[in-house]
Amino acid sequence: CGDNFTPEKHKHSEKRCSKKCWNKARALTAQKGYWANPEEKRAVAKVREAEKRKNDPDYKLKQKDSYLQLYYGISIAEYAWMNYLQDGKCYMCEKVCASGKALAVDHDHKTGKVRKLLCASCNNGLGRFGDNAELMRRGADYLDKEMSM
């Protein structure tokens, strides 16, 4: 822009009027050590995150809800309802997750459609077979033949 750059006019949180102003702001903050010391920046972020966790009793629930919304398009309430309908058990093996973790959300990788909740072992197994039902059937046939010998 045609204006002289001044930090008061071009605050870090505001949009810059040009690439030139952005670069000037970045250079100024680098002189102050903000960009120059990423370890300090990370340490400050870690302390702030710990403060949030300590002061917000619903922090983990909010994190889980955000994760489910972002990756699967479902809310924590929808996850809880699916878990209730499955009795807290894996849809495939009908057991509680042996690892002690929450059940994984199984979804179609092509369409993104959520299917069921699975334990870590079953979810991993499906993933290893590439969600290929025919390949899994052949594997099951193989096991049936080998077990009968």
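See above for the structure.
Anyway, here's the lowdown on the structure attached to this text. (Residues numbered from 1 in each chain as written. Predicted model: local features only at pLDDT ≥ 70, side-chain atom pairs only at ≥ 80, totals over all residues. Heavy atoms only, no water.)

Quick notes on the overall build of the protein chain
When helices and strands are tallied, the protein chain shows 6 helices and 2 strands. Counting helices and strands in the order they occur from the N terminus, the protein chain gives α-α-α-α-β-β-α-α. Residues counted as buried form 17% of the 149 residues belonging to the protein chain. At a minimum sequence separation of 6, the contacts of the protein chain that also span at least 24 residues come to 29%. For the protein chain, the exposed surface amounts to about 11,800 Å²; the carbon and sulfur share of it is 54%. (Helix = DSSP H or I, 4+ residues; strand = E, 2+ residues; numbered from the N terminus. Buried < 20%, exposed > 50% of the residue type's maximum accessible area, 1.4 Å probe, protein only. Contact = heavy atoms within 4.5 Å. Areas by Shrake-Rupley, 256 points an atom, 1.4 Å probe, with all protein chains shown as cover.)

Looking at the side chain of Ser75
Of note, Ser75 is situated in the loop between helix H3 (59-72) and helix H4 (76-85). Its relative accessible area of 18% is what places Ser75 among the buried residues. Not counting chain neighbours up to four residues away, the residues in contact with Ser75 comprise Asp65, Leu68 and Gln69.

A few points about the pattern of salt bridges
Under the defined criterion, the tally for this structure stands at 5 salt bridges. The partner of Arg115 in a salt bridge is Asp106, and the shortest N-O contact between them spans 2.8 Å. What makes Asp106 buried here is its relative accessible area of 8%. The salt bridge partner of Arg137 is Glu134, with a shortest N-O separation of 3.6 Å. (Salt bridge = Lys/Arg side-chain N within 4 Å of Asp/Glu carboxyl O.)

Observations regarding the pairing of strand E2 (residues 114-118)
As paired elements, strand E1 (residues 104-107) and E2 share 3 bridges and run antiparallel to each other. Its bridge partner being in E2, Val105 is matched across the sheet by Leu117. (Pairing = 2+ DSSP bridges.)

What to know about the nonpolar core
With 15 residues, the main nonpolar core has Ile74, Tyr79, Leu103 and Val105 as its most contacted residues. Counting residues per element, the ones that place at least two in this core are H3, H4, E2 and helix H5 (120-128). In this structure, Val105 is in contact with Leu68, Tyr72, Ile74, Tyr79, Val114, Lys116 and Leu117, ignoring residues within four places of it in sequence. (Core = buried A, V, L, I, M, F, W, Y, C linked by side-chain atoms within 4.5 Å.)

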